[in-house]
Amino acid sequence: MAAIRGLKLIRGAAMAPTLTKARADTGVVDAGDTAAGDDTGDVMTVEFSRFDTWYEIDSWWEGRFLEKTARGSFKRTIKALGPAGVRVLFNHGRDMQIDQKSLGVANVLEERESSPYMEVPLLDTSYNRDLIPGLRAGAYGSSFMFEVVREDWNHDPGVSEHNPDGLPERTIKEVRLFEAGPVTWPANPDATAGLRSTRSGVDWLMESLRERDQEQTEELQRSFAAFRAMHGLSTPSEEGPAARPRPNPLTPAPGDTPARHVDGLSAAARRRRMTLLGVKR
């Protein structure tokens with residue numbers, strides 16, 4: 001079954017970002033070289049997603065299922081974009097101080113045996129200098145944003161050692177990569193289920209997005225509802241963690257006739273939602 005186009009997801013990287021030093025004379029990264037010269041800078045390295053390793057998704061928006069990325073799933077997007085085509089941001093560009101300023105431009109982006117791998121020489125900026133001590137101390141996690149292009153689903157896998165609850169299993173075969181970088185709260189696949197469900201990447205992004213763009217939040221809510229319906233995943237109640245209550249007016253609008261306050265979706269919005277969910281009128 002085809003993936004829903006345009007549905008951007010967030011997943012935790014396989015490991016926290018690390019800092020190394022790039023030698024200006026050779027361009028070779030040496031993890032043991034800590035001498036800072038005039039022509040050298042800090043290089044952040046990130047591994048994206050451990051291949052062929054099952055992890056659980058437990059999200060209000062996406063539902064509950066197992067997922068893994070197949071080896072080769074990043075090759076086409078890496079070839080199309082090149083290292084410089086992937087944005088490198090802090091907290092997916094949602095940080096109140098750094099916002100969407102780039103941390104650097106990657107000069108290495110490739111698939112390795114166990115995971116995609118990226119090297120990013122950090123720009124000499126005040127915000128990067130603020131981040132460097134935390135990166136050196138391992139205080140941040142990693143996360144990346146992507147869209148699923150090709151996927152395989154097993155909706156009735158049965159109980160197994162890696163899937164004791166018999167959850168639906170999704171294998172991602174190809175992705176479109178948009179952005180990656182350090183985050184304060186990584187959606188770490190190796191975290192406990194409780195931590196995942198509390199601060200999962202998509203849930204965190206939706207909470208953050210709600211504060212900036214309510215219309216886009218509602219559009220994504222419809223897309224995730226369609227995604228859950230498409231794959232038979234549990235559908236949460238209409239009110240969710242990113243649902244913003246609509247305030248009632250405290251006083252009538254000027255004029256002879258009091259203004260009507262209408263709650264709920266408009267007729268056009270209801271038609272779009274029914275189309276996404278595949279409901280025929």
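This report concerns the structure included in the present document. (Residues numbered from 1 in each chain as written. Predicted model: local features only at pLDDT ≥ 70, side-chain atom pairs only at ≥ 80, totals over all residues. Heavy atoms only, no water.)

1. Points about the pattern of salt bridges
For step 1, the next point in the chain: This model, assessed by the stated rule, comprises 16 salt bridges.
For step 2, the next point in the chain: Residue R170 is joined to E67 by a salt bridge in which the shortest nitrogen-to-oxygen separation is 2.8 Å. Separated by 103 residues along the polypeptide, R170 in strand β11 (residues 169–183) and E67 in strand β6 (residues 63–69) bring together distant segments of the chain. By the burial criterion, R170 is buried, and E67 matches it.
For step 3, the next point in the chain: Three or more residues are tied together by salt bridges with common partners; here these are R11, E62, E67, E151 and R170. (Salt bridge = Lys/Arg side-chain N within 4 Å of Asp/Glu carboxyl O. Helix = DSSP H or I, 4+ residues; strand = E, 2+ residues; numbered from the N terminus. Buried < 20%, exposed > 50% of the residue type's maximum accessible area, 1.4 Å probe, protein only.)

2. Focus on empty space enclosed by the protein
For step 1, the next point in the chain: Following the criterion strictly, the structure yields two cavities of 30 Å³ or more and no others.
For step 2, the next point in the chain: For the second largest cavity, the calculated volume is near 50 Å³.
For step 3, the next point in the chain: The wall of the second largest cavity is formed by A3, I4, L7, L9, V148, E151, R170 and F227.
For step 4, the next point in the chain: Of the residues contributing to the lining of the second largest cavity, the split by class is six nonpolar, no polar and two charged. (1 Å grid on protein atoms, 1.4 Å probe; cavity = no way out; pocket = protein on both sides within 12 Å on 5 of 7 lines; lining within 4 Å. Points joined across faces, edges and corners; volume = space filled by probe spheres on them. Nonpolar A, V, L, I, M, F, W, Y, C, P; charged D, E, K, R; others polar.)

3. Observations regarding the packing of aromatic side chains
For step 1, the next point in the chain: The tally for this structure, following the rule as stated, stands at 11 aromatic pairs.
For step 2, the next point in the chain: Taken together, the ring pairs in this structure connect F48, F51, F74, F144 and F146 into an aromatic cluster.
For step 3, the next point in the chain: It is K8 that lies over the ring of F178; its NZ or CZ is 4.5 Å from the centre.
For step 4, the next point in the chain: Of note, R112 hangs over the ring of Y117, and the distance from its end group to the ring centre comes to 3.6 Å. (Phe/Tyr/Trp six-rings, centres within 6.5 Å; stacked < 30°, edge-to-face > 60°. Lys NZ or Arg CZ within 6 Å of the ring centre and 35° of its normal.)

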